[in-house]
Amino acid sequence: MSLQSIQQATFHRGSFADEIETARTDLARKLLISGAQASPSESETAPSLSPAASATSSTPESDAAVSPISPPVDDELVADSFAFAFDIDGVLVRGGRPIPEAIQAMKVLNGDNQYGIKVPYIFLTNGGGKTEAERCSDLSRQLDVEISPAQFICGHTPMSEMASKYNTVLVVGGEGEKCRTVAQGYGFKDVVTPGDIIKANAATTPFRKLTPEELRNSKERDFSKVIIEAIFVFADSRDWAGDLQIIIDLAMSKGGRIGTLSETFDEGPPIFFSHNDVVWSAAHDNVRLGMGALRGIVEYTFKEVTKGKTLKTHAFGKPQIGTFEFATRLLKRWRMNEHRLNAPPDTVYFVGDTPESDIRGTNQYNEKAKNDWYSILVKTGVYQEGTEPTYKPRVTVNTALDAVNHGIEREMQRRREKNQAQKPQITDVPKLSLEEAQNHAVFSPAEERSVELVSQS
């Protein structure tokens, strides 16, 4: 129904009582329309759902339906006041296999719900070691839904913003040459891997020998002419001992020159880790050690070999505030480009399984964010039911599907309450007495009191 047709009075031929009821309905429609044209301050503080690029107004009929919103007319209906952000491992996938409820959760977000709405969402994982495009391809296959790199953040994605700051960098972790490829894709000009260093001097790691494939892929370099300006641990190490040795060598070097030894042990290049998760949820029944454990070992080992010197490293990923700020910028671009929504959402529901990173980061960012970041903890990953999480979520649910349903229902209930508060209360209209004449009556507008229809038989 168009806005014009809603604003027109409905003509009905019947008894006078029917005419009054029809007039009441017309007035209610007009008041609802004027209420929908709220001021910017009102619309910013209450959740709303609107068709993308559509000006279709709500109607009284839609208020009476199960959904508090009107069905779309020309375009899909998109939630414009809230969005979701998901961790992956332990929330959507575990051990490379999708969690069944996660598949259904994606369908619900894409419109398979009782309200027929699509809800924007992004993915924010501490994992990495592949390009965002490759990770999206894997996750699309696992969850049976098309996922774009434009809605995806790996642990190392924010490192892309540092490509213009450092020229020659050491990139650690991941499988084969994948992390070199990722770094080059981010714009890093000169990327060195541990394999390059071992190829130049096999004595660097006494217990690690390069495979024939690694020898072919590793680059020939004259490291006497190379200065490593920064170290980036993009993904979990496949050889902790070898990678640890090379990182410590550079941390103790003179200005990032391989084979040198600083006298003060404070001249090494900065070291960045893509995240700080000590444990993560994999296929094993118990949690597995993650990059945060390697970071702790690097700092501890440096202190031991330097007789008490402190090594300060840096971490991206959750729970770092910078990663959530990066996610906010990504979500803004995704909502604009994909759904034509200019304003930021009032609420972002973040769904995670790790209290120490997912929940901690969401809660801390919520304290400074302009909108509401709402933390949801699921029981399918790191968190063990029956334990008390160090960082408490706003709500704990069983699965990602429960998290999605909780967020949508919370928003729709808030909208129903808002609509209920805006419904017109018709009072102070003339008292009508229907006696002999059933189809007409005459009354004075000056006689106004609470509406009361009296029928005398």
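The structure this text deals with has already been given above.
Residues numbered from 1 in each chain as written. Predicted model: local features only at pLDDT ≥ 70, side-chain atom pairs only at ≥ 80, totals over all residues. Heavy atoms only, no water.

K.L.:
Kindly report on the overall build of the chain, identifying the contributing residues and their values.
P.N.:
Along the chain, the regular secondary structure elements total 14 helices and 20 strands. Relative to its full complement of 457 residues, the chain shows a buried share of 46%. When the accessible surface of the chain is totalled, it reaches about 22,900 Å², and 50% of it is carbon and sulfur. (Helix = DSSP H or I, 4+ residues; strand = E, 2+ residues; numbered from the N terminus. Buried < 20%, exposed > 50% of the residue type's maximum accessible area, 1.4 Å probe, protein only. Areas by Shrake-Rupley, 256 points an atom, 1.4 Å probe, with all protein chains shown as cover.)

K.L.:
Describe the sheet that holds strand S12 (residues 271-273), naming the residues involved and giving the relevant values.
P.N.:
A sheet is described by the order of its strands in space; here five strands give the open sequence S10-S9-S11-S12-S15, paired in parallel fashion. If you trace the sheet from one side to the other, it starts and ends with strand S10 (190-192) and strand S15 (314-315), each paired once. In the sheet, strand S9 (residues 168-172) pairs with S10 via three bridges, with the strands oriented parallel. By the bridge assignment, Val169 is partnered in S10 with Val191. (Pairing = 2+ DSSP bridges.)

K.L.:
Just give me the short version of helix H11 (residues 291-305), but keep the residues and values in it.
P.N.:
The terminal C-alpha atoms of H11, which comprises 15 residues, lie 21 Å apart, in line with the 21 Å expected from a rise of 1.5 Å per residue. Buried residues along H11 sit against strand S11 (230-233), helix H10 (240-251), S12, strand S14 (288-289) and S15. (Expected span 1.5 Å × (residues − 1). Contact = heavy atoms within 4.5 Å.)

K.L.:
Please provide a residue-by-residue account of the packing of aromatic side chains, values included.
P.N.:
Counted according to the given criterion, the structure contains 20 aromatic pairs. On the numbers, 5.9 Å between centres and 15 degrees between planes, the contact of Phe84 with Phe86 is stacked. By relative accessible area, Phe84 is classed as buried at 0%. Consider the rings of Phe272 and Phe316, whose centres lie 6.0 Å apart with planes at 50 degrees: the pair is tilted. Linking Phe272 in strand S12 with Phe316 in the loop between S15 and helix H12 (321-339), this pair joins segments that are 44 residues apart in sequence. Owing to a relative accessible area of 17%, Phe316 belongs among the buried residues under this scheme. (Phe/Tyr/Trp six-rings, centres within 6.5 Å; stacked < 30°, edge-to-face > 60°.)

K.L.:
Provide a residue-level description of helix H5 (residues 100-109), including the pertinent values.
P.N.:
Among all positions of H5, only Ala102, Ala105, Met106, Val108 and Leu109 are buried. Looking straight down H5, one finds its buried side chains confined to an arc of 160 degrees; they lie on one side. Looking at the buried side of H5, the elements it contacts are strand S3 (82-86), strand S6 (117-118), strand S7 (121-124), helix H6 (132-143) and helix H14 (400-422). Directly beyond the C-terminal end of H5, a positive phi value near 115 degrees is found at Gly111. (Arc of directions from axis to C-beta.)

K.L.:
Quick rundown of the sheet that holds strand S16 (residues 347-352)? Include the residues and the values.
P.N.:
Judged by pairing direction, the sheet is parallel, and its six strands sit side by side in the order S8-S7-S3-S16-S17-S18 without closing on themselves. The open sheet has two edge strands, strand S8 (152-153) and strand S18 (395-397), and neither has a second partner. The pairing of S3 with S16 spans five bridges and is classified as parallel. Of the residues in S16, the one forming a bridge with Phe86 is Val351. Packed onto the sheet, H12 meets S3, S7, S8, S16 and strand S17 (372-378) and runs at close to 150 degrees relative to S7. (Axes fitted to C-alpha atoms, helices over the stretch in contact; angles between N-to-C directions.)

K.L.:
Provide a residue-level description of the environment of Glu220, including the pertinent values.
P.N.:
Structurally, Glu220 is set in the loop between helix H9 (212-217) and S11. Its relative accessible area of 66% is what places Glu220 among the exposed residues. Taking the C-alpha atoms as reference points, Glu220 and Gly195, 25 residues apart in sequence, are found 9.9 Å from one another.

K.L.:
Tell me what's going on with the pairing of S9, and back it up with residues and numbers.
P.N.:
For a regular strand, the rule is simple: side chains alternate between the two faces of the sheet. The element S9 is largely enclosed, with a buried count of five among its five residues. By the alternation rule, side chains of S9 split into Thr168, Leu170 and Val172 and Val169 and Val171, which are all buried. Regarding the hand of the β-α-β motif, the stretch spanning S9, helix H7 (residues 178-186) and S10 is right-handed. Taken together, the four bridges between S9 and S11 define a ladder with parallel strand orientation. Bridged to Val172 within S11 is Val233. (Right-handed = clockwise from strand over helix to strand, strands pointing away.)

K.L.:
Any details on the pattern of salt bridges? Residues and values, ideally.
P.N.:
What the rule picks out here adds up to 24 salt bridges. The salt bridge involving Arg141 is made with Asp138; its shortest N-O contact spans 3.7 Å. Here Arg141 pairs with Asp138, and both are found in helix H6, just three residues apart, close to one helical turn. Owing to a relative accessible area of 19%, Asp138 belongs among the buried residues under this scheme. Arg221 is paired through a salt bridge with Asp190; the nearest N and O atoms lie 3.0 Å apart. Placement of the pair is Arg221 in the loop between H9 and S11 and Asp190 in strand S10, with a sequence separation of 31 residues. Here the residues in one salt-bridge network are Glu134, Glu175, Lys178 and Arg238, joined through shared partners. (Salt bridge = Lys/Arg side-chain N within 4 Å of Asp/Glu carboxyl O.)

K.L.:
Before we move on, can you summarise the environment of Gln104 with the specific residues and values?
P.N.:
Residue placement: Gln104 occurs in helix H5. We classify Gln104 as partly exposed; its relative accessible area is 31%. Gln104 sits 296 residues away from Ala400 along the chain, and the two C-alpha atoms are 8.9 Å apart. The residues contacting Gln104, other than those within four sequence positions of it, are Asp112 and Leu401.

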